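# Close look at the chain arrangement
This is what each chain is made of:
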Amino acid sequence: MSPPEHRIIAGIYHLSKDLGRHFSLTDINLQVTNGEFVFLVGPSGAGKSTLLRMMYMDDRPDSGQIVVGSFVSTRVTRRTIPGLRRKIGIVFQDFRLIEDRTVFENIALAMKVTGTPMSKIKQRATKILTHVGLYHKRHDFPKALSGGEQQRVAIARAVANRPAILLADEPTGNLDAVSTRNVLELLFKINAGGTAVLVATHDIEMVQSFGQRIIYLENGRIARDHEKIFVGDVRDRMDESRVSRRAEQLSEYDIRDEENE
Amino acid sequence: MNLRTAKYMIDEMMINLGRRKGANAIAVIIMGLSLLILVVFLMVTLNLANLIDKTGEEMRLFVYLEDGMEQDVTREMQLKLLGLRGIEEVSFISKGEALTEFKERLGEESDLLDELVENPLPDAFRVKTKRGYITSEFLASIAFETEKWEGVEEVRYGKKWFERGERLAKGIYIIDLALGLIIFLSVIFVIYNTVRLTVLHRRTTIDVMKLVGATNAFIRIPFILEGALQGIAASLLAIALLTAIYAFSSKYLPGLVFMRYDALAGFVVFCAILGAVGSFSAMRRFLKL
């Protein structure tokens, strides 16, 4: 068997972007290869979200270039952007599910826009929903789900069109410790299936224990880029990881909060 | 665009309509009520114009003849009058007929006329002009022309009364037009705003569709269809209410005229377009890159 081929799925080259209020991104260079898992870490306001937005081309760099698949930021037009978005899965902190659609419909919509036949949509949605463990809730509306479940639906929607890369912007920012763990586990699982994943987060502590590649964004520059240090399945280490420790911390915090009220 | 995509777009519209029944109903009611103001205004205008037209049609021009004219001369003059542009009808009223008519109009006081030794009234032609020729300029030109004819004593048509009426009608039309314009603009504003709010409510839906790679057409078309449907529903509501108002008020105003059916059909189409355009322009703000 030949070794897996390393292709760059998304590349950022000499990117600069003025973020206003004296913040800016300066000379950012980073590449994500196929099947890679990357944490992009930095304090709030460091420009992580903007960087991600530029990757799905909702925003443009002031200078430099972003290449995702065959799409180049300097050449992309209104007409070609939908094609790009179909190659990227996007997940946000606030889930962005459509409130008046069921779980199934939210996922189906992503496939409808690409003109997938309904029989195939049903088949694929069933598979993905089973994968994220929410098949039994397919007819529920988002409001009836917990935050963690909503985020899993959002992730299911993001991977519905089999994207080459999944971009997640603070995907666990609104979640409690247990849901955070579930969501991260799911992201690792998706990555294990071959999809490249880029997770932006401000929570340095949380990401350090997994041994994945971590890119540190500080003062608008890439301060460090730690390549993957461990090999093997990260899920094996999840139990002893800081996620669980953090889970304890958070649940303590939660209790304290309630006492204060 | 293939058939499946078209079907999905219609699905989208149906889901949008079905899931927010309350909000949609309120939107249609708001639009329908403001459209009602417009159609009621149009019906009032229509009836006003009819009334003014009718009053104008009652208008007659009298050509009074000199005494003692031969019958074939007057006959010839009648034909000559009929030959003029814009004349619909010319009837001869002999002095005898005129006196009888006059007596009838006086009623009980007609005894006064018994004192008369001879009939002082002249023979006359009563001239009716065609529709569209009932203007003070035209009547004046006919009067000016015929007064020069031999055997014509005088031409009268209630000049002062007619001119005053004409000015009044003109004033009414100007006020009506101004009012109409204001109502029209506010109705457009209300509809546009209502449709815009509908679109604003769906901001997340639109954002999500963009994120999952929907083309602008795929996002837009369901909303445009929805806007058009809302416009149609609102216009039908307005027409239904107008019919009720018409049925009620024609009991008290027997001559009341209803809108023509083709005008109403045009109105429905207009509202559909208004809704669609409202949707479209509201979305341009969210879909721009």
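Provided above is the structure to which this section pertains.
Report on the accompanying structure.

Thresholds applied
- Residues numbered from 1 in each chain as written.
- Chains lettered and ligands numbered in written order.
- Predicted model: local features only at pLDDT ≥ 70, side-chain atom pairs only at ≥ 80, totals over all residues.
- Heavy atoms only, no water.
- Core = buried A, V, L, I, M, F, W, Y, C linked by side-chain atoms within 4.5 Å.
- Buried < 20%, exposed > 50% of the residue type's maximum accessible area, 1.4 Å probe, protein only.
- Helix = DSSP H or I, 4+ residues; strand = E, 2+ residues; numbered from the N terminus.
- Contact = heavy atoms within 4.5 Å.
- Pairing = 2+ DSSP bridges.
- Axes fitted to C-alpha atoms, helices over the stretch in contact; angles between N-to-C directions.

Attention now goes to the nonpolar core. Residue and element names in this part refer to chain A. Judged by nonpolar contacts, the single largest core of 58 residues is most densely connected at Phe39, Ile107, Ile155, Leu166 and Leu187. The element best represented in this core is helix 3 (residues 103-112), accounting for 7 residues. Among all residues touching Leu187, those that are not within four sequence positions of it are Phe37, Ile155, Leu166, Pro171, Val197 and Val199. The next biggest cluster of nonpolar side chains, apart from the first, holds 34 residues, and it includes Leu40, Ala46, Leu51 and Phe92.

Okay, the environment of Ser63 of chain A next. All names here are of chain A. Note on placement: Ser63 falls in strand 4 (residues 63-68). With a relative accessible area of 35%, Ser63 lands in the partly exposed category. Put simply, Ser63 and Arg101 are 38 residues apart on the chain and 39 Å apart in space, counted from C-alpha to C-alpha. Sequence-distant contacts of Ser63, that is, excluding residues within four places in its chain, are made with His14, Leu15 and Ser16.

Before going further, it helps to spend a moment on the sheet that holds strand 3 (residues 37-41) of chain A. All names here are of chain A. Taken together, 6 strands build an open sheet; the order of strands is 6-7-8-3-9-10 and the sheet is mixed. The open sheet has two edge strands with one neighbour each: strand 6 (88-92) and strand 10 (221-226). The sheet shows a mean angle of 15° between the axes of neighbouring strands, direction not considered. Of the pairings in the sheet, the one linking strand 3 to strand 8 (residues 196-201) comprises 5 bridges and is parallel in character. Across the sheet, residue Val41 finds its bridge partner in strand 8, namely Thr201.

Limitation: the analysis is restricted to geometry and does not speak to function.
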